[in-house]
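One-letter residues, chain by chain:
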Amino acid sequence: MARADSTRRVATTSKGLLRSKLWLEMAIRILKEEGVDQVRVDRIADRLGITKGSFYHLYKDRQELLDAMVEHWRSASQITYLTMARRLKGPARQVLLDFMEAAVRSNLGEFDGAFRAWGSYEPRVGATVQALDQERIQFIAKWFEELGLEGLEALGRARILYYADVGWAFSGDPRPQVTLRLEFARDLCSLLTRGRPK
């Protein structure tokens, strides 16, 4: 009997986590497509095709969902960066090129624009965006350090590469974004590593 109760609790928890993920992912999708003002319980429920009553079994209120969205985006980004980096092997220059290409192809920053827009007027979200930017820049700077650049010079080049790609992602260029961003990332990586050992 105790084992059966335990099994039911695990099943209930698993279902709850799955439902929570559905609400969370749809909320982030709406944030990207329509802005944070449209991230409402009734709007999400409508998009999911379910009743909104289940929401309150998962989240205390809308603010708790909004907080969960920010945390989910932050942690997912960190995991993706680390996973991509661990897969890359070889000389630092090639790893840097491969990493930028992987970041573009995986559409790593798919939701960045939505969170940046939200963070422009919501200080807590803005602080998370800034912290994540700095983590990413420090991450990229390590490969410049492996190329023999030190301290501020490595950090400076990492900032140029990172913020240039961020800017390109929001350029509004109507041509195919992935192809152009790849070309841009390769050219900029080559420029910033020119003259450095391979």
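In case you missed it, the structure is sitting above this.
Residues numbered from 1 in each chain as written. Predicted model: local features only at pLDDT ≥ 70, side-chain atom pairs only at ≥ 80, totals over all residues. Heavy atoms only, no water.

Chemist: Teacher, can you tell me more about helix 7 (residues 123–146) here?
Modeler: In an α-helix there are 3.6 residues to a turn, and that puts residues three or four apart on one side. Taking 1.5 Å as the rise per residue, helix 7 with 24 residues should run 34 Å; its terminal C-alpha atoms sit 35 Å apart, in good agreement. Immediately beyond the C-terminal end of helix 7, within one or two residues, lies glycine 148, with a positive phi of roughly 100°. (Helix = DSSP H or I, 4+ residues; strand = E, 2+ residues; numbered from the N terminus. Expected span 1.5 Å × (residues − 1).)

Chemist: Would you mind showing me how to read the pattern of salt bridges here?
Modeler: Once their charged atoms are close, side chains differing in charge can pair, the charge on each being opposite to the other. Under the defined criterion, the tally for this structure stands at 11 salt bridges. The closest approach of N and O atoms between glutamate 25 and lysine 21, which form a salt bridge, is 3.8 Å. Note that glutamate 25 and lysine 21 are positioned in helix 1 (residues 2–34) at a spacing of four residues, about one turn of the helix. By relative accessible area, glutamate 25 is classed as partly exposed at 38%. Through salt bridges with shared partners, one network takes in Glu33, Glu34, Arg43 and Arg47. (Salt bridge = Lys/Arg side-chain N within 4 Å of Asp/Glu carboxyl O. Buried < 20%, exposed > 50% of the residue type's maximum accessible area, 1.4 Å probe, protein only.)

Chemist: Help me out: how do you make sense of the nonpolar core in this one?
Modeler: Proteins that are soluble and globular tend to have nonpolar side chains buried together. Judged by nonpolar contacts, the single largest core of 29 residues is most densely connected at Leu96, Phe99, Met100, Ile140, Trp143, Phe144 and Leu161. Elements with a contribution of two residues or more to this core: helix 4 (62–87), helix 5 (92–105), helix 7, helix 8 (151–169) and helix 9 (177–193). A per-element tally of this core places helix 5 first, with seven residues. Residues Trp23, Tyr59, Trp118 and Leu132 belong to the second largest nonpolar core, which totals 26 residues. (Core = buried A, V, L, I, M, F, W, Y, C linked by side-chain atoms within 4.5 Å.)

Chemist: It is not clear to me how the packing of helix 5 against helix 7 should be interpreted in this structure. Could you clarify?
Modeler: To describe two helices that pack against each other, one gives the angle between their axes and the distance between the axes. Interhelical geometry of helix 5 versus helix 7 gives an angle of 155° and a closest axis separation of 8 Å. The angle between helix 5 and helix 7 places the two elements in the roughly antiparallel class. The hand of the helix 5/helix 7 crossing is left-handed. Across the interface between the two elements, Ala92, Val95, Leu96, Phe99 and Met100 from helix 5 touch Phe139, Ile140, Trp143, Phe144 and Glu146 from helix 7. (Axes fitted to C-alpha atoms, helices over the stretch in contact; angles between N-to-C directions. Parallel < 35°, antiparallel > 145°, perpendicular 65-115°, else oblique. Left-handed = near helix turned anticlockwise from the far one by under 90°. Contact = heavy atoms within 4.5 Å.)

Chemist: Got a minute to help me understand the environment of glycine 113 in this structure?
Modeler: Looking at the element boundaries, glycine 113 is found in helix 6 (residues 112–119). Glycine 113 gets classed as buried once you look at its relative accessible area, which sits at 17%. As a C-alpha pair, glycine 113 and lysine 32 span 81 residues in sequence and 7.5 Å in three-dimensional space.

Chemist: Which parts of the structure should I look at to understand the packing of helix 4 against helix 7?
Modeler: Closest axis-to-axis distance for the helix 4/helix 7 pair is 11 Å, and the angle between their directions is 5°. Here helix 7 runs roughly parallel to helix 4, going by the angle between their axes. Taking contact as the criterion, the partners of Gln63, Asp67, Val70, Trp73, Arg74, Ser77, Gln78, Tyr81, Leu82 and Ala85 in helix 4 are, on helix 7, Arg124, Val125, Thr128, Val129, Leu132, Glu135, Arg136, Phe139 and Trp143.

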